[in-house]
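Now for the letters of each chain:
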Amino acid sequence: MKLNLGSGITKFEGFLNIDSDPGCNPDFVMRLGTDFFQLEDNTVDEVLAYHVFEHIGDGFFDFLKELYRVCEHEAIISVRVPHPRHDVFLGDLTHVRPITIENMKPLSKKWCETQIYITDSWSGLAHQLNVDFEIVDYNYELDETFKQIIQNVESNEQLNWMARSMNNAITEIHFKMMVIKK
């Protein structure tokens, strides 16, 4: 099974299109972070979540646990979010949660365990939530203005520096997480 979360009016064939607004005519009406998926455990192999995570407030961790429950081992979750240092994020009153690569890493048990050796401290969020999402790929969408100014930005190292130090440089963050169930 494939899910398109926060589908809005953009429907993808072969996906269960889920949205909280019945006016978008989704396949299933659901408020993420509040409602539970009406799905069996381990039945989802692919998830699209384009401009969804940043809209989920207090129920975000419950949403992640529920998403983990319905996904099968090695399911891929494709996420797109506005960069929290861009006006696109700041200008939308419904954006309540900044999402970055750095703040998603603690959802990986492997990352949490590595931090014990690197920083000599425990950052066990994945263990606390009983989830395991490994980031397997990510990239940044450079703002058009910056594309014109900086012609030859090619490395992720350069983009990481821009993402951390410059407002409005990065429009969006795209990343893929793999569900790990051992």
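Residues numbered from 1 in each chain as written. Predicted model: local features only at pLDDT ≥ 70, side-chain atom pairs only at ≥ 80, totals over all residues. Heavy atoms only, no water.

(A) Representation of the pattern of salt bridges. Going through the model one piece at a time under the given rule, you end up with 6 salt bridges. The residue K2 makes a salt bridge to D45 at a minimum N-O spacing of 3.6 Å. Placement of the pair is K2 in strand 1 (residues 2–5) and D45 in strand 4 (residues 44–50), with a sequence separation of 43 residues. Look at D45 and you get partly exposed, because its relative accessible area is 28%. With a shortest N-O distance of 3.0 Å, E102 and K105 are connected by a salt bridge. According to the relative accessible area criterion, E102 is partly exposed, its value standing at 38%. Owing to a relative accessible area of 26%, K105 belongs among the partly exposed residues under this scheme. A single network of salt bridges, built from pairs that share partners, joins K2, D45 and E46. (Salt bridge = Lys/Arg side-chain N within 4 Å of Asp/Glu carboxyl O. Helix = DSSP H or I, 4+ residues; strand = E, 2+ residues; numbered from the N terminus. Buried < 20%, exposed > 50% of the residue type's maximum accessible area, 1.4 Å probe, protein only.)

(B) Looking closely at the sheet that holds strand 4. Pairing within the open sheet is mixed, and its 7 strands lie in the order 3-2-1-4-5-7-6. Edge positions in the open sheet fall to strand 3 (28–29) and strand 6 (133–142), since each of these has one partner strand only. Running over the sheet, helix 1 (residues 60–70) touches strand 1, strand 4, strand 5 (71–82), strand 6 and strand 7 (170–179) and is turned about 140° from strand 5. (Pairing = 2+ DSSP bridges. Contact = heavy atoms within 4.5 Å. Axes fitted to C-alpha atoms, helices over the stretch in contact; angles between N-to-C directions.)

(C) Summary view of helix 4 (residues 109–119). Residues of helix 4 that are buried: K109, C112 and Q115. The buried residues of helix 4 occupy an angular sector of 115° when the element is viewed end-on, so they sit on one face. Seen from the buried face of helix 4, the exposed residues on the opposite side, beyond 90 degrees, are K110, Y117 and I118. Where helix 4 begins, the side chain of S108 points an oxygen toward the backbone nitrogen of K110, at a separation of 3.3 Å. (Arc of directions from axis to C-beta. Polar contact = N/O pair within 3.5 Å; in protein donor to acceptor, adjacent residues only side chain to side chain.)

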